[in-house]
Amino acid sequence: MSSVNSVTLLGRVGKDPEIRTSQSGSRFASFSVATSESWKEKSSGERKERVEWHNVSVTNDALVGIVERFVKKGSKIYLVGQLQTRKWTDNSEVDKYSTEVVLKPFKGELVLLDSKPDNQQSDNGAAYSKAQNEPSGFANDLDDDSEIPF
């Protein structure tokens, strides 16, 4: 039996990313992403919305640099990573679990969907993406705020 651990998110960054450096010199980025769905209640006609928050951890050094330079609170992003659950013990010696989306080296993808100022465009006007930090083109049709209801 084969299995797949892949998460794809399209949403907005909830707070400015936090960049940390380990004792060995590896850099990490962490931030949260909000995704939402909306619908209209059939009985009342009232518009409803549900927002889910996802913790994201970037361990790919090339993508950490992109996150540090271009991602900020409110940025629209598309990312592909893997679910990973960590176990830790709080101050009261109680075991806690935290699940996050991790963008690992060679297994993560990040596409910035916001328009960038002209002086920050890549040579072909595209966002930076993938573990190898290669420019990747994308359709700008996702720029319409009506597709993301928050």
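Quick note: structure is the one above.
For clarity, every value in this text was computed on a predicted model and none was experimentally measured. (Residues numbered from 1 in each chain as written. Predicted model: local features only at pLDDT ≥ 70, side-chain atom pairs only at ≥ 80, totals over all residues. Heavy atoms only, no water.)

What about the pattern of salt bridges?
- Inspection of the entire model under this criterion finds seven salt bridges.
- Two residues, Glu68 and Arg27, come together in a salt bridge whose shortest N-O distance is 2.9 Å. With a gap of 41 residues between them, Glu68 in helix α1 (residues 61-70) and Arg27 in strand β3 (residues 27-40) connect regions that are remote in the sequence.
- A relative accessible area of 44% places Glu68 in the partly exposed class.
- Between Arg86 and Glu100 there is a salt bridge, with its nearest N and O atoms 3.1 Å apart. Note that Arg86 is positioned in strand β5 (residues 76-89) and Glu100 in strand β6 (residues 95-103), a separation of 14 residues in sequence.
- Under the relative-accessibility criterion, Glu100 is labelled buried at 11%.
- Taken together, the shared-partner salt bridges in this structure form one network comprising Arg27, Asp61 and Glu68. (Salt bridge = Lys/Arg side-chain N within 4 Å of Asp/Glu carboxyl O. Helix = DSSP H or I, 4+ residues; strand = E, 2+ residues; numbered from the N terminus. Buried < 20%, exposed > 50% of the residue type's maximum accessible area, 1.4 Å probe, protein only.)

So, the nonpolar core
- Judged by nonpolar contacts, the single largest core of 20 residues is most densely connected at Phe31, Val56, Val58, Ile77, Leu79, Leu103 and Leu110.
- Contributing elements (two or more residues each) for this core: β1 (7-13), β3, β4 (47-58), α1, β5, β6 and β7 (109-112).
- Counting residues per element, this core draws most heavily on α1, which supplies five residues.
- Discounting residues that sit within four places of it in the chain, Phe31 has contacts with Val13, Lys15, Pro17, His54, Asn55, Val56, Val58, Val67, Ile77 and Leu79. (Core = buried A, V, L, I, M, F, W, Y, C linked by side-chain atoms within 4.5 Å. Contact = heavy atoms within 4.5 Å.)

A word on α1
- Residues Leu63, Val64, Gly65, Ile66, Val67 and Phe70 constitute the buried set of α1.
- For α1, the N-terminal capping position is held by Asn60, with its side-chain oxygen 2.9 Å away from the main-chain nitrogen of Ala62. (Polar contact = N/O pair within 3.5 Å; in protein donor to acceptor, adjacent residues only side chain to side chain.)

Quick notes on the pairing of β6
- Both β4 and β6 contribute to a ladder of three bridges, which runs parallel. When the bridges of β6 are listed, Val56 appears paired with Val101.
- Note that β5 and β6 share eight bridges and pair antiparallel. Across the sheet, residue Thr89 finds its bridge partner in β6, namely Asp95.
- Counting the residues in the hairpin turn of β5 and β6 gives five residues, including Glu93, whose phi is positive at 65°. (Pairing = 2+ DSSP bridges.)

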